[in-house]
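Survey of secondary and tertiary structure
Listed below, chain by chain, are the residues.
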Amino acid sequence: MRSLTLNPVFRANSGLDRVFDLMEAAAQRQGDDFPPFDSIRLSDNRFRLSIAVPGFREDEVAVTQHKRELIVSGERKLDREGEYLHQGIPSRVFSRRFQLADHTEVTGATLAHGLLSIDLAREIPEAEKPRTIPVSSSPDRAEPVRQIERDAA
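Parameters and conventions
- Residues numbered from 1 in each chain as written.
- Predicted model: local features only at pLDDT ≥ 70, side-chain atom pairs only at ≥ 80, totals over all residues.
- Heavy atoms only, no water.
- Salt bridge = Lys/Arg side-chain N within 4 Å of Asp/Glu carboxyl O.
- Buried < 20%, exposed > 50% of the residue type's maximum accessible area, 1.4 Å probe, protein only.
- Helix = DSSP H or I, 4+ residues; strand = E, 2+ residues; numbered from the N terminus.
- Pairing = 2+ DSSP bridges.
- Axes fitted to C-alpha atoms, helices over the stretch in contact; angles between N-to-C directions.

**Some details on the pattern of salt bridges**
- Summed over all chains, the structure comprises seven salt bridges.
- The residue Arg-57 makes a salt bridge to Asp-59 at a minimum N-O spacing of 3.7 Å.
- A relative accessible area of 39% means that Arg-57 is categorised as partly exposed.
- Judged by relative accessible area, Asp-59 falls into the exposed class, the value being 52%.
- Ionic pairing is found between Lys-77 and Asp-59, a salt bridge with its closest N-O pair at 3.1 Å. With Lys-77 in the loop between strand E4 (69-74) and strand E5 (94-99) and Asp-59 in the loop between strand E2 (46-52) and strand E3 (61-66), this residue pair connects regions lying 18 residues apart in the sequence.
- One connected set of salt bridges, linked through shared partners, spans Arg-57, Asp-59, Glu-60 and Lys-77.

**Digging into the sheet that holds E3**
- What the three strands build is an open sheet, ordered E3-E4-E5; its pairing is antiparallel. If you trace the sheet from one side to the other, it starts and ends with E3 and E5, each paired once. Sheet twist, expressed as the average angle between the axes of neighbouring strands with direction ignored, equals 15°.
- Pairing of E4 with E5, which is carried by six bridges, proceeds in the antiparallel orientation. Within E5, the position partnered with Val-72 by the bridge is Arg-96.

These values are about where atoms sit, not about what they do.
This is how it looks when you write it as structure tokens:
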């Protein structure tokens, strides 16, 4: 297996480290896309992840948020009723990780019809929102400038 190293690029482009971290993480990913998911924008600050988990029950799926990482994992319990002639519905253990944007929180999760829906909301604190500063053009407010020293020419 080949390894992708972006160290020379890191040295040449300081300040873009986050972008290259994401690129390197994507390149090193194993390629396991189970379970499949959809990401949906409901509004400017509300999102939903819909993850296909057919055959899983609520007690077999775990949703955890730790700082900016969302971890969805599942493990099906064995059914002791009957024996499979053909098993087409996947029942393997899975763990899927998602990197969340700053100030994004999980607001709820529901499991219905084989889809796990995780609702997300981004709430930027008031102190971090951009604000407009009014600019005054009145000369009355300008403070007089006092010269401390005069340069000798």
